[in-house]
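Overview (structure and organization)
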Amino acid sequence: MQPALAITDLTVAYHDKPVLWDVDLEVPASTLMAIVGPNGAGKTTLIKAALGLVRPAAGQTLFYGRPYREQRRLVGYVPQRGSVDWDFPTSVLDVVMMGRYGSLGWFRRPGKAERQHALAALEKVRMADFATRQISQLSGGQQQRVFLARALVQDAQIYFMDEPFQGVDAVTERAIIDLLRDLRANGKTVIVVHHDLQTVPEYFDQVCLINVRRIASGPVAEVFTEANLRATYGGRIAFLGHAEDDEATPSRTEGMLKGVAD
Amino acid sequence: MELFADYTLRMVALGSAMLGIVSGVLGCFAVLRRQALLGDAMSHAALPGIVVAFLLTGQRDPLILMLGAAGSAWLAALLLMSVTRTTRVKEDSSLALILAVFFGTGLVLLSWLQQRPDAAQAGLRSFLFGQAAAMVARDVQVMVALGVPTLVLVALFWKQFKVLTFDPEYAASLGLPVRGLSVLLTSLIIVAIVLGLQTVGVVLMSAMLVAPAAAARQWTDRLGVMIVLAGLFGASAGVVGALISATARGLATGPTIVLCLGVLTLVSFLFAPNRGLIWRYTRQAVPQV
């Protein structure tokens, strides 16, 4: 089957310093993939390069075998919620309707159909009661769910999410997981920049380990191994308890990772 | 109403109202995009353009001078972007630098022009602080001819400008031509700036962009309402300020309008519900009693 996303030889540099180096990545359709790696590994850059938001020095990105230009309608994007000013004068419903702006055409205003769409998406992320709220009154988790709803109304095939679990409450985390599974059940592909190694095996089917170069990618069961994690994080993280010199490692991680590595 | 029977005052009121609406509306975008300082730099940078346009054509026609002003404001904006992108100079430093260099160039040209014998240049100095009383029908015609299409464009590209201002990267991911839209929006902000040359002058023009928007933001949480309010605030401060300066002898128009705006903004910051300081203060104080 044709992969939902195929990246080949992707290289991105800022001021001559490579942020991504010769990355290849294939994401099968109808899967949930986590992109993990240390800070500054180029995870966000990988997403932005795939979406054409940063210009790569080299490389090619294909969505279902065709370039992004032709497949834009198939792709939805959930940026980091910290990337915008939440004091912007607008309502929750209005932000969600922005997801329809691309398909509305140049001069049509969002109308009843768009409202309906937006309300349905808000329902899915359990934010329907907040539709008329000013966005500055939302908690971090609620902001995140508004961004998810905005991407949902795009009705895309492939979704990119940049750290949707970052600093959210338990309700939001639960809502996002349900949503991800729902999307997968409907044949969608979701690529998520993820920070929490502990939850990778539970939430995702596929994982891509990245640190400027791609270390490994594939099914979690095959790829999410101690050796690969070590190669990705270097000495900055300790695994499986035999790195006694690193006290910062929570014991929960050890157990979780041990199970995976075995 | 006797005021408006006077031809000059009628022109002054009309022109200032047009200016106030356009700069109030566009100022909202400048403020929300955090480009208030860019607006300030661009309005100062308009000065050399005015002088050069006059030197090249020898005419004092408002349209020609405005074109010159818009040209050098654009040049400053482009220069700023390329300096920030290609060098390691930070944006605030390059803003300050470009503002000073362009404005300095304008002042040098102006003082050099001052020594030339032709009488026509005498009026150019008024572009520093504005002189509403000098406005004639031709000025107002040009202002309306530029201002009305500007407002129409904002209405046409409303949803694009909104998402561009709130979340430019997301707008790009939707397939909107973000670069082109940014250029258009910046151009419209420059139109607002050059409309104010005659009335407010280049030195204080940025207040005309920032103050109505900042005041309007206090009263509402909706972009549409904010923009209408900012237009109204800009227009009323513009008209009141221009009329005061046109009737009282020797008051420069720009500073007078800016003072009116200052009062409006202060009232908004103090008394607006929810966001106003007094509202906040009393709400905080109540539970302690």
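Residues numbered from 1 in each chain as written. Chains lettered and ligands numbered in written order. Predicted model: local features only at pLDDT ≥ 70, side-chain atom pairs only at ≥ 80, totals over all residues. Heavy atoms only, no water.

- Per an unreviewed UniProt entry, chain B goes by the name Zinc transporter and belongs to Candidatus Chloroploca asiatica.
- Heading Subcellular location (unreviewed entry) of the UniProt record for chain B holds this comment: "Cell membrane".
- Looking at the Sequence similarities (unreviewed entry) heading of the UniProt record, one finds this comment for chain B: "Belongs to the ABC-3 integral membrane protein family." (UniProt positions renumbered as here; feature names shortened; annotations may be inferred.)

- Named according to an unreviewed UniProt entry, chain A is Manganese ABC transporter ATP-binding protein originating from Candidatus Chloroploca asiatica.
- Heading Sequence similarities (unreviewed entry) of the UniProt record for chain A holds this comment: "Belongs to the ABC transporter superfamily."

Observations concerning the overall build of chain A
- Looking only at helices and strands, chain A features 11 helices and 10 strands.
- Pairs at least 24 apart in sequence give 67% of the contacts found in chain A among residues at least 6 apart.
- Accessible area of chain A: about 11,600 Å², with a carbon and sulfur share of 47%. (Helix = DSSP H or I, 4+ residues; strand = E, 2+ residues; numbered from the N terminus. Contact = heavy atoms within 4.5 Å. Areas by Shrake-Rupley, 256 points an atom, 1.4 Å probe, with all protein chains shown as cover.)

Considering a negative patch on the surface
Residues and elements named next belong to chain A.
- A cluster of acidic side chains, namely D9, D22, D24 and E26, defines a negative patch on the protein surface.
- Element by element, the count of residues in the negative patch is highest for strand β2 (residues 17–27), at three residues.
- Within the element layout of this structure, D24 appears in strand β2. (Patch = residues over 30% accessible without salt bridge, like charges linked within 9 Å, V, L, I, M, F, W, Y side chains within 5 Å. Salt bridge = Lys/Arg side-chain N within 4 Å of Asp/Glu carboxyl O. Lys, Arg positive; Asp, Glu negative; His and termini not counted. Charge placed at Lys NZ, Arg CZ, Asp CG, Glu CD.)

Quick look at unusual backbone geometry
- Unlike most non-glycine residues, A:D155 shows phi in positive territory, near 50°.
- When you line up the elements, A:D155 lands in the loop between α6 (140–152) and β7 (158–162).
- Here B:N274, not a glycine, exhibits a phi torsion of approximately 70°, which is positive.
- Note that B:N274 resides in the loop between α13 (253–271) and α14 (277–285).

Re the UniProt feature "transmembrane region" (unreviewed entry) in chain B
- The feature "transmembrane region" (unreviewed entry), as given by UniProt, occupies residues 12–32, 63–83, 95–113, 144–161, 181–211, 223–246 and 252–272 of chain B in the numbering adopted here.
- End C-alpha to end C-alpha, residues 144–161 of chain B measures 22 Å, and it is 94% helix and 0% strand.

Quick notes on the packing of aromatic side chains
- Using the criterion set out here, one finds 13 aromatic pairs over all chains in the structure.
- Ring geometry for A:F63 versus A:Y68: centroids 5.6 Å apart, planes at 50°, classification tilted.
- For A:F63, a relative accessible area of 0% translates into the label buried.
- Among the aromatic side chains, those forming a connected cluster through ring pairs are A:W106, A:F107, B:F29, B:F157, B:W158 and B:F161.
- Taking NZ or CZ as reference, A:R150 lies 4.1 Å from the ring centre of A:F147, over its face.
- A:R150 extends its terminal NZ or CZ atom over the ring of B:Y170, reaching a point 3.4 Å from the ring centre. (Phe/Tyr/Trp six-rings, centres within 6.5 Å; stacked < 30°, edge-to-face > 60°. Buried < 20%, exposed > 50% of the residue type's maximum accessible area, 1.4 Å probe, protein only. Lys NZ or Arg CZ within 6 Å of the ring centre and 35° of its normal.)

Quick look at the sheet that holds strand β5 (residues 66–67) of chain A
Residue and element names in this part refer to chain A.
- Spatial strand order, β2-β1-β4-β5: four strands in an open sheet with antiparallel pairing. What marks the edges here is a single partner per strand, and that holds for β2 and β5.
- Note: strand β4 (residues 58–63) against β5, two bridges, orientation antiparallel. Across the sheet, L62 pairs through a bridge with P67, a residue of β5.
- Against the sheet, helix α1 (residues 43–50) makes contact with β1 (5–14), β2 and β4, and its axis sits at roughly 115° relative to β1, the strand it touches most. (Pairing = 2+ DSSP bridges. Axes fitted to C-alpha atoms, helices over the stretch in contact; angles between N-to-C directions.)

Details of the state of the cysteines
- A full pass over the atoms with the stated rule returns zero disulfides over all chains.
- For the unlinked cysteine B:C260, the closest cysteine sulfur is that of B:C28, found at 19 Å. (Disulfide = S-S within 2.5 Å.)

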